[in-house]
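# Structural overview for review
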Amino acid sequence: MDSDCNGNPMAICLGINGKIEPINEVIEQHQVSEAETSHKQPFVIGVAGGTASGKTTVCDMIIAQLRDQRVVLINQDSFYRILSDEQLRQVHDYNFDHPHAFDTEQLLCCMEKLQHGQAVDLPNYDFKSHKNYTLPARRVNPADVIILEGILVLHDPHVRELMNMKIFVDTDADLRLARRIRRDTVERGRDVRSVLDQYSKFVKPAFDDFILPSKKHADIIIPRGGDNHVAIDLILQHILTKLGQHNLCKIYPNVYVIHSTFQIRGMHTLIRDVKTTKHDFVFYADRLIRLVVEHGLGHLPFTEKQVTTPIGCIYTGVDFCKKLCGVSIIRSGESMENALRACCKGIKIGKLLIHRDGDNGWQLIYEKLPTDISARHVLLLDPVLATGNSAIKAINLLLHKGVPESHIIFLNLISAPEGIHAVCKKFPRLKIVTSEIDVALSKEFQVIPGMGGFGDRYFGTVETNNHNP
Ligand SMILES: Nc1ncnc2c1ncn2[C@@H]1O[C@H](COP(=O)(O)OP(=O)(O)O)[C@@H](O)[C@H]1O
Ligand SMILES: Nc1ccn([C@@H]2O[C@H](COP(=O)(O)O)[C@@H](O)[C@H]2O)c(=O)n1
Ligand SMILES: [Mg+2]
């Protein structure tokens, strides 16, 4: 069994049901060019600085403003060594600011795992008890951008080597001490006297000996920490540029991800949670489906139309596209039919049943499509795009029926990068509209982190929370 980054036997990586397949291995099956897979190495940003300089605040601001699961934060605090009972009894004599206080080997091990596409479980450090095993661990998924934050992250050369960008948060020492007293007495269970003792005995000397000398390695120095909005904006822009390099929407201009808001992230959080009841799952999946459908309809062609308002004015608007139909891929796709009917009164909806036929591919078992489908724009419905195999089968059939590729809009809630590569490479003229792109596919072809078997959860065909596809 794998051990975690604390040396405990436990999970590194995992989707619901297994190890994460490094994304580039799977992509290779689709013969993606080297340029497109070159994004496998995450962009690592180190953020160092003296205590209470505002490192955590700055990083939290960046993460909150990006709202993107491709960017993750790692705190060096998670790697504080476990203290012996004796050390805990004499904790006032323990130097938490010396490099030896951190288990840098474990930090390097976690970073390596993340770089190889494996998730890690990191301890949440508790500054009150000085322990890193009392609070539940936090799972960190592999990501495109990793921000590593802590007083000494620029001190160790091996850690520095991992970094593509090094930042030092530089805040006046008096201000830092004032903030530290306030923070440690309010949030970390200390009294003023112990904060001052620790500061003069350990914190200040370690700052002078290790932290300040590490400033010379920084590429960017942020004076005034979180107050420096210009610097934070510049860093945000840089991260966005880095994300853009491997943003699938940039590689494939026909992929559209609906604009993420906290409402949308909240709905995703609920439908992805294994503990969510069937009732709530259906409720929030329906809300998200409705948003995706509305967004998809926005990609249909329109004609200009003028109407007269009740006060006799002319309003110049548009007329909906009339030649339209839905096609759902049975059975999960049927969950999207109601939202489509609610948006397009009287819309015709066809159905396709596609079955996986051993290792030989995918077989069309049943089809019922409008007879004049070739003259219609088609909204193809399936909530999850995983490998893309069933979608490709469905799209091939639509093309065979005479539907122009550019008249197909494929709507789903979650897409795996592998599915996007597969579908977009084959059909560059259709559009994909999705609400989130996930990290990867597992060996078992489950989307990671995904939401389990959508059909089973939506239609309630599993009694327990064992969500197999
Ligand atoms: N710009 C700021 N203005 C006022 N208080 C701040 C500012 N930045 C941080 N703080 C506060 O100062 C304390 C230390 O900030 P924190 O981000 O925890 O620093 P670090 O992680 O570098 O130790 C926290 O209580 C935080 O809320
Ligand atoms: N049990 C602990 C562990 C660490 N500290 C102090 O925390 C500081 C690092 O965190 P910042 O958010 O301030 O960067 C460091 O200076 C340690 O002295 C502690 O007091 N107790
Ligand atoms: Mg901090």
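Keep in mind the model is a prediction, meaning the values are calculated, not measured.

The next thing to look at is the site of ligand 2. By nearness alone, 16 residues border ligand 2, and Thr51, Lys55, Asp97, His130 and Arg180 come closest of all. Here ligand 2, which alone exposes 460 Å², has 99% of that area covered by the protein. Only α7 (173-186) and α8 (192-214) provide two or more residues apiece to the shell around ligand 2. For the shell around ligand 2, a count of residues per class yields 7 nonpolar, 3 polar and 6 charged.

Here the focus is the sheet that holds strand β14 (residues 377-381). Pairing in this open sheet of 7 strands is mixed, and the strands run β8-β18-β16-β14-β11-β12-β13 from one edge to the other. Of all the strands in the sheet, just β8 (255-257) and β13 (362-368) have a single pairing partner and so form its edges. Across the sheet, the mean angle separating the axes of adjacent strands is 20° when strand polarity is ignored. Relative to strand β18 (residues 431-434), β8 is paired through 3 bridges, and the arrangement is parallel. Among the inter-strand pairings, Val255 is bridged to a residue of β18, identified as Ile432.

With that out of the way, let us pick up the environment of Val255. Along the chain, Val255 falls in strand β8. Residues Val255 and Ile432 lie 177 residues apart in sequence; the distance between their C-alpha atoms is 4.8 Å. Ignoring sequence-local partners within four residues, the contact set of Val255 consists of Cys249, Ile420, Cys424, Ile432 and Ile437.

Along the chain, Asn75 falls in strand β2 (residues 71-75). Classification of Asn75 by relative accessible area gives buried; the value is 16%.

Right, let's talk about the site of ligand 1 for a bit. Near ligand 1 you find 13 residues, and of these Ala52, Lys55, Thr56, Thr57 and Arg183 are the closest. At 3.2 Å, a backbone N or O of Ser53 approaches an oxygen atom of ligand 1. In this structure, an oxygen atom belonging to ligand 1 sits 2.8 Å away from a side-chain N or O atom of Arg183. Considered on its own, ligand 1 offers 550 Å² of accessible surface; in the complex 75% of this is hidden by protein. Every element with two or more residues in the shell around ligand 1 is listed here: α3 (55-66) and α7. Examining the composition of the shell around ligand 1, we find that 3 residues originate from one element, α3, more than from any other. Split by residue class, the shell around ligand 1 holds 1 nonpolar, 6 polar and 6 charged.

Quick notes on the rules
Residues numbered from 1 in each chain as written. Chains lettered and ligands numbered in written order. Predicted model: local features only at pLDDT ≥ 70, side-chain atom pairs only at ≥ 80, totals over all residues. Heavy atoms only, no water. Near = heavy atom within 4 Å. Areas by Shrake-Rupley, 256 points an atom, 1.4 Å probe, with all protein chains shown as cover. Helix = DSSP H or I, 4+ residues; strand = E, 2+ residues; numbered from the N terminus. Nonpolar A, V, L, I, M, F, W, Y, C, P; charged D, E, K, R; others polar. Pairing = 2+ DSSP bridges. Axes fitted to C-alpha atoms, helices over the stretch in contact; angles between N-to-C directions. Contact = heavy atoms within 4.5 Å. Buried < 20%, exposed > 50% of the residue type's maximum accessible area, 1.4 Å probe, protein only. Polar contact = N/O pair within 3.5 Å; in protein donor to acceptor, adjacent residues only side chain to side chain.

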